[in-house]
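Residues per chain, in single letters:
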Amino acid sequence: MNEVCKLLGIKYPVVQGAMQEVATAELAAAVSNGGGLGIIAAGGKTPEQVRAEIQKAKKLTKNTFAVNLMLMDPNTPEVVKVVIDEGVKVVTTGAGTPKPYMKDLKAAGIKVCPVIPNVKIAKKMEEMGADAVIAEGMEGGGHIGVLTSQTLWPQIADAVSIPLIAAGGIGDGRGVVNAFVAGAKGVQCGTIFSIAKESPVGDNWRKLVIDATDTSTVVAGATIKDASRIIKNNIANKLTELELDQVSRDEFNSVMNEGLRNAVQKDDVEDGLVFSGQISGLIKESLPAGEIVKKLMDEAQEVLNKKIELA
């Protein structure tokens, strides 16, 4: 049995990315019902809102789902208590170290899978007791590091003994196989699930991603050490100007968060911020989340069945 499937209690080694404002209970449950691991994003939510999302997901699926902890949120201690109280079985973490919460999470029997950008932090997470690491290359949408997936995945796989879940630039079966060849035991996908039928985004967001090409995204926030990959539009230009003006990180993130809410809640994709990975150029349709999981696996099997001649 696949190592990640066994660890997380899922059918297929496919994890849905924890996209702020997008990774809702409905999307997470749909992914989990399809055999993958759906994730509820706690970032930007109050503890009460996180509890409500968890309880909603429980009604929508009997399968395992996860909660992502955005560790820079000041209410993280309270969210951790909610996650433990609600009996969530898996958490992923980002934007900080899970060290202050690791003892309580592990004592509750929760599997902890931090998102990491390099070998040094991957090793630290293993020493800290993490059950797996999610290594995301800079091709991915949303908050990113500086290493590409092709360089990051194999180095992480060689550096740690816990399972590697590969993320960043995976949008079809070829990407899944590529990740496994590099040493991964599972994959995490964000952009392709962001436009799933169960995603809360509107038709304009979906069309923007589907119409995207290989050069449609841009990185904003790199100079203030908070890089994010987004689709080029009016707000992307505004964020570039804010960087050039050397605004504070808090002011920059405030504009980003407001733009993200406008994009998700109002379907404004001109002045709203749309997180998307470079893989968006490959995505040509919006499908139910369960079909996406199955399609990734079927395509990966087709790739493996092909005869490849190297000489």
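- The protein goes by Probable nitronate monooxygenase in an unreviewed UniProt entry, where it is assigned to Companilactobacillus crustorum.

### A word on the pattern of salt bridges
Argument step 1. As enumerated under the stated definition, the model contains eleven salt bridges in all.
Argument step 2. Between K106 and D131 there is a salt bridge, with the nearest N and O atoms lying 2.8 Å from each other. Placement of the pair is K106 in helix α5 (residues 99-107) and D131 in the loop between α6 (119-128) and β6 (133-136), with a sequence separation of 25 residues.
Argument step 3. Taking the relative accessible area as the measure of exposure, K106 reaches 33% and is therefore partly exposed.
Argument step 4. Note that K207 and D211 form a salt bridge whose closest N and O atoms lie 2.5 Å from each other.
Argument step 5. Looking at K207, the relative accessible area reads 52%, which means it is exposed.

### Observations concerning the sheet that holds strand β7 (residues 142-143)
Argument step 1. The three strands lie next to each other as β7-β11-β10, forming an open sheet whose pairing is antiparallel. Of all the strands in the sheet, the pair left with one neighbour each is β7 and β10 (217-220).
Argument step 2. Running over the sheet, helix α11 (residues 234-244) touches β10 and β11 (228-231) and is turned about 30° from β10.

### Things to note about the sheet that holds strand β5 (residues 111-116)
Argument step 1. One open sheet holds the eight strands; their spatial order is β1-β9-β8-β6-β5-β4-β3-β2, and the pairing between them is parallel. Bordering the open sheet on either side are β1 (14-16) and β2 (38-41), each of which pairs with just one other strand. Put simply, the sheet's adjacent strands are angled 25° from each other on average, direction ignored.
Argument step 2. Of the strands in this sheet, β3 (65-70) and β4 (90-94) touch helix α4 (residues 76-85), which is tilted by about 170° from β3.
Argument step 3. Contacts between α6 and the sheet are confined to β5 and β6, with β5 contributing the most and set at about 165° to the helix.

### Describing empty space enclosed by the protein
Argument step 1. One pass over the full model with this rule turns up one cavity of 30 Å³ or more.
Argument step 2. Taken as a whole, the largest cavity holds about 50 Å³ of empty space.
Argument step 3. Every residue along the wall of the largest cavity is listed here: A42, G43, L69, M70, D73, N75, T76 and V79.
Argument step 4. Secondary-structure elements contributing two or more residues to the lining of the largest cavity are β3 and α4.

### Focus on the nonpolar core
Here is a general trend for soluble globular proteins: nonpolar side chains tend to be buried in one another's company.
Argument step 1. I156, F193, W205 and L239 are the most contacted members of the largest nonpolar core, which has 63 residues in total.
Argument step 2. Taken domain by domain, this core gets at least three of its residues from each of domain 1 (3-200 + 284-295) and domain 2 (217-266).
Argument step 3. Ignoring sequence-local partners within four residues, the contact set of I156 consists of I116, N118, V119, A122, V133, A135 and L164.
Argument step 4. Listed in part, the 22 residues of the second largest apolar core include I54, L69, V79 and L105.

### As for helix α7 (residues 149-159)
Argument step 1. Considered for burial, the residues of α7 that qualify are S149, L152, W153 and I156. End-on, the buried residues of α7 take up no more than an arc of 95°, which puts them together on one face.
Argument step 2. Check the buried side of α7 and you find it contacts β5, α6, β6, β8 (164-167) and α8 (173-181).

### Looking at the packing of helix α2 (residues 25-33) against helix α13 (residues 289-305)
Argument step 1. The geometry of α2 relative to α13 is characterised by a closest axis approach of 7 Å and an angle of 40° between their N-to-C directions. Viewed along their axes, α2 and α13 adopt a mutual orientation that is oblique. As for how α2 packs across α13, the hand of that crossing is right-handed. Taking contact as the criterion, the partners of L27, A30 and V31 in α2 are, on α13, A289, G290 and V293.

Conventions and cut-offs
- Residues numbered from 1 in each chain as written.
- Predicted model: local features only at pLDDT ≥ 70, side-chain atom pairs only at ≥ 80, totals over all residues.
- Heavy atoms only, no water.
- Salt bridge = Lys/Arg side-chain N within 4 Å of Asp/Glu carboxyl O.
- Helix = DSSP H or I, 4+ residues; strand = E, 2+ residues; numbered from the N terminus.
- Buried < 20%, exposed > 50% of the residue type's maximum accessible area, 1.4 Å probe, protein only.
- Pairing = 2+ DSSP bridges.
- Contact = heavy atoms within 4.5 Å.
- Axes fitted to C-alpha atoms, helices over the stretch in contact; angles between N-to-C directions.
- 1 Å grid on protein atoms, 1.4 Å probe; cavity = no way out; pocket = protein on both sides within 12 Å on 5 of 7 lines; lining within 4 Å.
- Points joined across faces, edges and corners; volume = space filled by probe spheres on them.
- Core = buried A, V, L, I, M, F, W, Y, C linked by side-chain atoms within 4.5 Å.
- Domains from an automatic or database assignment.
- Arc of directions from axis to C-beta.
- Parallel < 35°, antiparallel > 145°, perpendicular 65-115°, else oblique.
- Left-handed = near helix turned anticlockwise from the far one by under 90°.

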